[in-house]
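As a plain string of letters, each chain reads:
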Amino acid sequence: MVKNGAILVALLFLQAVALSNSATLSTKSRWIFDETTGQRVKFACVSWAAHLQPMIAEGLEKQPLDEIIKRISEYGFNCVRFTWATFMFTRPDYGNLRVSESLDKYKLSAAKDGIAKNNPQVLNMTVLELHKAVVDELGKNGVMVVLDNHVSRPDWCCGDNDGNGFFGDADFDPMEWLQGLAQVASTYKAHPAVVGMSMRNELRGSKQNEADWYTYMQQGANTIHTQSPGFLVIVSGLSYALNLRFLKSKPLEVNFTNKLVFEAHWYTFGIPAERWIAQTNNLCAAVTKSAQNNYLYLTHGNNSFPLFLSEFGVSERGDDVAGNRYITCLLAAVAETDVDWALWALQGSYILRQGKLNLEETYGVVDINWDHPRNLTFLNRLQILQQINQDFASKQATYYKMFHPLSGQCVQIVENDIVLASCKNASRWDEHQDGGPIKLAGSSGCLGVAGDGEVASVSEDCSRKWKIVASSGLQLAAQDGKGEYLCLEVNASDSKLVTKKCMCVGSDLVDLPTCADQDPESQWFKLVPANI
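Residues numbered from 1 in each chain as written. Predicted model: local features only at pLDDT ≥ 70, side-chain atom pairs only at ≥ 80, totals over all residues. Heavy atoms only, no water.

### Focus: the state of the cysteines
Summed over all chains, the structure comprises seven disulfides. Covalent S-S linkage joins Cys157 and Cys158, the inter-sulfur distance amounting to 1.5 Å. With the S-S dihedral at roughly 65°, the linkage between Cys157 and Cys158 falls on the right-handed side. The buried category is assigned to Cys157, whose relative accessible area is 9%. What makes Cys158 partly exposed here is its relative accessible area of 25%. (Disulfide = S-S within 2.5 Å. Buried < 20%, exposed > 50% of the residue type's maximum accessible area, 1.4 Å probe, protein only.)

### So, the packing of helix 2 (residues 65-74) against helix 7 (residues 127-140)
Two elements in contact, helix 2 and helix 7, have axes whose closest approach is 10 Å; the angle formed by their N-to-C orientations is 50°. Taken as axis vectors, helix 2 and helix 7 run oblique relative to one another. Of the two possible hands of crossing, helix 2 and helix 7 adopt the one that is right-handed. Across from Leu65, Asp66, Ile69 and Ile72 in helix 2, the residues of helix 7 making contact are Ala133, Val134, Glu137 and Leu138. (Axes fitted to C-alpha atoms, helices over the stretch in contact; angles between N-to-C directions. Helix = DSSP H or I, 4+ residues; strand = E, 2+ residues; numbered from the N terminus. Parallel < 35°, antiparallel > 145°, perpendicular 65-115°, else oblique. Left-handed = near helix turned anticlockwise from the far one by under 90°. Contact = heavy atoms within 4.5 Å.)

### What about the pairing of strand 15 (residues 417-421)?
Burial runs high along strand 15: four of the five residues are buried. For strand 14 (residues 409-414) and strand 15, the ladder comprises five bridges, and the chain directions are antiparallel. The residue bridging Gln412 from the neighbouring strand is Val419, located in strand 15. Hairpin connection of strand 14 to strand 15: two residues between the antiparallel strands, including Glu415 at a positive phi of 55°. (Pairing = 2+ DSSP bridges.)

### Describing the sheet that holds strand 10 (residues 340-343)
Taken in spatial order, the eight strands close into a barrel running 3-4-5-6-7-8-9-10, and their pairing is parallel. Neighbour to neighbour, the strand axes of the sheet diverge by 25° on average, direction disregarded. Pairing geometry for strand 5 (residues 144-151) and strand 6 (residues 194-198), over four bridges, is parallel. Of the residues in strand 6, the one forming a bridge with Asp148 is Ser198. Relative to the sheet, helix 7 contacts strand 3 (44-48), strand 4 (79-85), strand 5 and strand 6, its axis offset from that of strand 4 by approximately 175°.

### Description of the nonpolar core
Among the nonpolar cores identified, the biggest contains 125 residues, and Trp48 and Trp213 are the most heavily contacted of them. Looking at this core, the element that brings in the most residues is helix 12 (residues 321-337), giving ten residues. If you look at the next biggest cluster of nonpolar residues, it comprises 20 residues, including Met402, Leu447, Leu497 and Phe525. (Core = buried A, V, L, I, M, F, W, Y, C linked by side-chain atoms within 4.5 Å.)

### Here's the deal with the confidence of the model for the protein chain
Chain-level statistics for the protein chain give a pLDDT mean of 95 and a share of 96% at 70 or above. Note that pLDDT drops below 50 for residues 13-21; the model gives that stretch 22 contacts with residues more than four away or on any other chain. (pLDDT = per-residue confidence, 0-100.)

### Brief notes about helix 6 (residues 109-118)
Among the residues making up helix 6, those that are buried are Ala111, Gly114, Ile115 and Asn118. One side of helix 6 carries all its buried residues, which in axial view fall inside an arc of 100°. Away from its buried face by more than 90 degrees, helix 6 exposes Ser109, Asp113 and Lys117. (Arc of directions from axis to C-beta.)

### Some thoughts on the packing of aromatic side chains
Under the counting rule described, the total for this entry stands at 19 aromatic pairs. With 5.7 Å between their ring centres and 55° between their planes, Trp48 and Phe82 make a pair best called tilted. Linking Trp48 in strand 3 with Phe82 in strand 4, this pair joins segments that are 34 residues apart in sequence. Among the residues examined, Trp48 registers a relative accessible area of 0% and is labelled buried. Clustering of aromatic rings is evident, with ring pairs tying together Phe166, Phe167, Phe172, Trp177 and Tyr216. Sitting above the plane of the Tyr94 ring, Lys105 keeps its charged end 5.6 Å from the centroid. Sitting over the ring of Tyr214, Lys250 keeps its end group 4.5 Å from the ring centre. (Phe/Tyr/Trp six-rings, centres within 6.5 Å; stacked < 30°, edge-to-face > 60°. Lys NZ or Arg CZ within 6 Å of the ring centre and 35° of its normal.)

Set out below in structure tokens:
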């Protein structure tokens, strides 16, 4: 796994280096591609905050800038969603503050000492010069950059009544916002690392409405394109970036083509933890359907667009049972759709957030000291998302990888064993029809079932009919010799595939009303389409 992970990182790095040196990206249907090579480009990003009150990229008080960026590449990310606040670029009393002055303003002496130790060269920069310096360093290391307008007034985001939510809020003047977009697009127009701009993070609040959304998002998109026609223009929806379904009835009209990307966020906020624990399959089905109806639908049909899942995440301490089930459900859907994405977040801490100094970010990829990954197991689960699985230019027939989202690995046949391994080496399967055999691509072999707790096998016996059971659509079951349905499951001790009694479903293969004493995640599999 280590070897395969290193190869993946190397390939992502080489791709990103080439892109950061010269790429102009465009869109073709639901895909993003490099105009020069004609090849698909997939964003596998991590968000890095620089929009809070000090207006300083987080972590510079903990580690040298080049070390932070080196780790971004090492962890398999090929791009950074780098945040900025409107006032930084529209109000001189914000943007012209030197880093040292900004730290002094908020009495951040410990952070100032840390930056003096780790990045002394930035203390005399203005916060705008520092923002560009970070982008420069990302580019030197082959990391693409998406510039995200996170807020207007520098601060933590987000709340319904924080003044930063929607056009016309106290700190969200539409004209000043357009001025900021124009300034950022102009500032970074010729920068080889910057490939796109996200117009606004999580529109929300009591003032939000579709009419103003169409008016101002059209103006914002056209403003960016006028200043920097090479940029992708990334458009978020309403209700904390959860809702783009209104585009089904009325498209967003802009004065350019082949540059528009839509973005959405997918979290489990607001859903009681008890529901994830007691009704795991049912809730996974519900939230996946909601994602499909609200934004994933954009990747289908004759008028499709790229969908950038620009935020998702979970506490990487591993102690959030409900959050862990949510993220496993999400990984299955994101792997299947092969969308572009950005994980929240890189930062393991904040210099100043909501009045607290050195606040730990448990969703952060790095730990609070920024010197180790917080959860390497979680990072390894992202490998199939970091790969390009589908390519519009491929001439290869579509096949399927059997992905196990709980582990982040895929099913592979090794000699006579069926095990989990890196998805780069996944065995290839034909498309599965519900109630039919699961066949190895290009062979006569089919997946079989023996008995409860016994090891699964592949043979030329294709009589076993595998059903998709449970509302989540993630459990696969077939009848054994006694006529009882057994589900595929990963044996925790050796990662081999076995067949066991299906969890959280009854004998009729329908979800049990409640299932708090079982966790079906070990039985979750998704057949992910691929053609490269």
